[in-house]
Amino acid sequence: MKKQNKNKIKEGNQAVTAVLYILAAVAALITLYPMYYVLILSLSDPAYAATMRVYLLPKGFNLSAFEVLITDTKMWRAYTNTILYVLPTTVLMIATSTVVAFGLNYKKLIGRKFLTMFLLIPMYFAGGTIPSFLLMVKLGLYDNPLSQIIPACFSIWNIILVKAYFRSIPESLTEAARIDGCNGWQLFRYIYLPNIKSTVNLMFVMIVIGSFLAFDYVKLLTGGGPAHSTEVLGTYAYSFAFSEMKVGKAAAVGLFMSFFGLIASLIYTRMSRKENMD
């Protein structure tokens, strides 16, 4: 008979259960408190919010910070620009990721391994925002709205992710489709895309959330100008927090941005449930 390990944690151990609950509570606090902090800042009197000395409850309850969400025309301009930024970047990101991944998954593609390695190198050793800024300047896109869209419509990580899912599709399925006369486009449309629907849905949510949080390229290349014509919600909140020192209004704009992230997450949850039911 095998000796039982006395040090083995038994199922239903109360001490372990208590530790796990404590760890879960700490993780929840670390995750949720920053969002709660932004909420109480936005509900506090501007004088208290500016000092950042608000911890548990709003001080000097005040809703003036939320007036900017309705009355400020620059806010609506930033909102419109953000939507105009999110739509093309989401569509282009999904299109480039799936098409490039499909090409790299084609075994007869000449130099396929080299191209894959060529994409992996900058993913691990990326130069950051500065090289992208210099590239946009060389292309003559400085102070041009396209400078915000072009860098965000291509993601090596998403390409590698989709390629990995393409490789998980059984070869017997693609071979059967080729025998039936499917060409490359038909394989892509009727075999590959339906099998990575869940991946595309996840990419959609992550890209939308990331696009609503856009800040760095906009700040570097246009600064939200000229005359707020390229202002997005991220740069608008930044100007409130660090240029005008109106922390409460910046927190209100941040909550407004989080609201759209929540909507995207709910859409993804609904799509996942529908897919599981099907």
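Higher on the page you've got the structure.
These lines cover the structure that appears in this document, whether it is placed above or below. Because the structure is a prediction, the values reported are computed rather than measured. (Residues numbered from 1 in each chain as written. Predicted model: local features only at pLDDT ≥ 70, side-chain atom pairs only at ≥ 80, totals over all residues. Heavy atoms only, no water.)

1. Looking at the packing of aromatic side chains
In this description, an aromatic ring pair is defined by two values, namely the gap between the centres and the angle between the planes.
Point 1. According to the stated counting rule, one finds twelve aromatic pairs in the structure shown.
Point 2. On the numbers, 5.8 Å between centres and 90 degrees between planes, the contact of tryptophan 76 with tyrosine 79 is edge-to-face. Of this pair, tryptophan 76 and tyrosine 79 both sit in helix α4 (residues 73–104), separated by three residues, roughly a single helical turn.
Point 3. We classify tryptophan 76 as partly exposed; its relative accessible area is 41%.
Point 4. Aromatic rings pair up to connect Phe102, Phe166, Trp185, Phe188 and Tyr192 into one cluster. (Phe/Tyr/Trp six-rings, centres within 6.5 Å; stacked < 30°, edge-to-face > 60°. Helix = DSSP H or I, 4+ residues; strand = E, 2+ residues; numbered from the N terminus. Buried < 20%, exposed > 50% of the residue type's maximum accessible area, 1.4 Å probe, protein only.)

2. Some points on helix α8 (residues 156–167)
Point 1. With twelve residues, α8 extends 17 Å between its outermost C-alpha atoms, agreeing within 8% with the 16 Å of an ideal straight helix rising 1.5 Å per residue.
Point 2. Taken together, the buried residues of α8 touch α4, α5 (112–124), α10 (184–195) and α11 (197–212). (Expected span 1.5 Å × (residues − 1). Contact = heavy atoms within 4.5 Å.)

3. Structural notes on a nonpolar patch on the surface
Point 1. Taken together, the side chains of Tyr36, Leu39, Tyr55, Leu56 and Leu57 make up a nonpolar region of the molecular surface, amounting to roughly 530 Å² of accessible area.
Point 2. Position of leucine 57 among the secondary structure elements: in the loop between α2 (46–51) and α3 (68–71).
Point 3. Residue leucine 57 is classed as exposed on the basis of its relative accessible area, which comes to 60%. (Patch = residues over 30% accessible without salt bridge, like charges linked within 9 Å, V, L, I, M, F, W, Y side chains within 5 Å. Areas by Shrake-Rupley, 256 points an atom, 1.4 Å probe, with all protein chains shown as cover. Salt bridge = Lys/Arg side-chain N within 4 Å of Asp/Glu carboxyl O.)

4. A look at the layout of surface pockets
Point 1. The computed volume of the largest pocket comes to approximately 750 Å³.
Point 2. Taken together, 24 residues form the lining of the largest pocket, with Ser132, Pro151, Ala152, Phe154 and Tyr217 sitting closest to its centre.
Point 3. Among the secondary structure elements, those contributing two or more residues to the lining of the largest pocket are α4, α6 (129–138), α11 and α12 (216–221).
Point 4. In terms of residue count, the dominant contributor to the lining of the largest pocket is α6 (five residues).
Point 5. Roughly 410 Å³ of internal volume is contained in the second largest pocket.
Point 6. Asn105, Tyr106, Lys107, Glu171 and Tyr192 are the residues nearest the centre of the second largest pocket, which is lined by 19 residues in total.
Point 7. Those elements giving two or more residues to the lining of the second largest pocket turn out to be α4, α5, α8, α9 (171–179) and α10.
Point 8. Counting residues per element, the lining of the second largest pocket draws most heavily on α9, which supplies four residues.
Point 9. Of the residues contributing to the lining of the second largest pocket, the split by class is seven nonpolar, three polar and nine charged. (1 Å grid on protein atoms, 1.4 Å probe; cavity = no way out; pocket = protein on both sides within 12 Å on 5 of 7 lines; lining within 4 Å. Points joined across faces, edges and corners; volume = space filled by probe spheres on them. Nonpolar A, V, L, I, M, F, W, Y, C, P; charged D, E, K, R; others polar.)

5. Some words on the side chain of serine 97
Point 1. Mapped onto the elements of the fold, serine 97 is located in helix α4.
Point 2. Residue classification places serine 97 among the buried residues on the basis of a relative accessible area of 0%.
Point 3. Contacts of serine 97, omitting those with residues within four sequence positions, involve Ser155, Asn158, Ile159, Val162 and Met203.

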